[in-house]
Amino acid sequence: MDKVFISQLHVDTIIGVYDFEKETKQSLYFDIEMLCDIKPAAKTDDIALALDYAKVSERVIAHTTAKPVELLETLAEQLAAIILTEFTTTQVTIRISKPAAVTQANTVGVEITRRKAC
């Protein structure tokens, strides 16, 4: 299986459990890996047959900024479900980093891998 990836997709959004987090946008960074077969797109040079990382990026940004959630875990699960449902991938790994969450750390976050149900 081949892999299409998005690295360090930056989105500013409202996210967090604490009241002060609900008042100011914070930066999130997304690393997304999607398994798919790239041969049809490569053979025909046709974007319609490709897993379009630009469209995936747009969808992630739109969802992340549409309705705030409190937990990165919730956001990761929502995005995995969207990607598996709306795009031609059989497996997605999403890593979300929240660099401002812990001042002593460069970044913190979550990473999940989900597969399309058979």
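Look a little higher up for the structure.
Source: prediction; values computed, not measured.

Asks: Is there a simple way to explain the pattern of salt bridges in this structure?
Replies: Side-chain pairs of opposite charge can arise where the charged atoms are in close proximity. Here the structure, examined in full by the defined rule, presents seven salt bridges. In this structure, Lys3 engages Glu33 in a salt bridge whose closest nitrogen and oxygen atoms are separated by 3.4 Å. Linking Lys3 in strand β1 (residues 2–13) with Glu33 in strand β2 (residues 26–36), this pair joins segments that are 30 residues apart in sequence. According to the relative accessible area criterion, Lys3 is partly exposed, its value standing at 48%. For the salt bridge of Glu77 with Arg114, the shortest nitrogen-to-oxygen distance reads 2.4 Å. Of the two residues, Glu77 sits in helix α3 (residues 72–86) while Arg114 sits in strand β4 (residues 109–115), which places them 37 residues apart along the sequence.

Asks: Help me understand α3 in this model?
Replies: Because each turn of an α-helix spans 3.6 residues, side chains separated by three or four positions end up pointing in the same direction. Spanning 15 residues, α3 covers 21 Å between terminal C-alpha atoms, matching the ideal 21 Å at 1.5 Å per step. In the core, the buried residues of α3 are packed alongside β2, α2 (53–66), β3 (91–97) and β4.

Rules behind the numbers
Residues numbered from 1 in each chain as written. Predicted model: local features only at pLDDT ≥ 70, side-chain atom pairs only at ≥ 80, totals over all residues. Heavy atoms only, no water. Salt bridge = Lys/Arg side-chain N within 4 Å of Asp/Glu carboxyl O. Helix = DSSP H or I, 4+ residues; strand = E, 2+ residues; numbered from the N terminus. Buried < 20%, exposed > 50% of the residue type's maximum accessible area, 1.4 Å probe, protein only. Expected span 1.5 Å × (residues − 1). Contact = heavy atoms within 4.5 Å.

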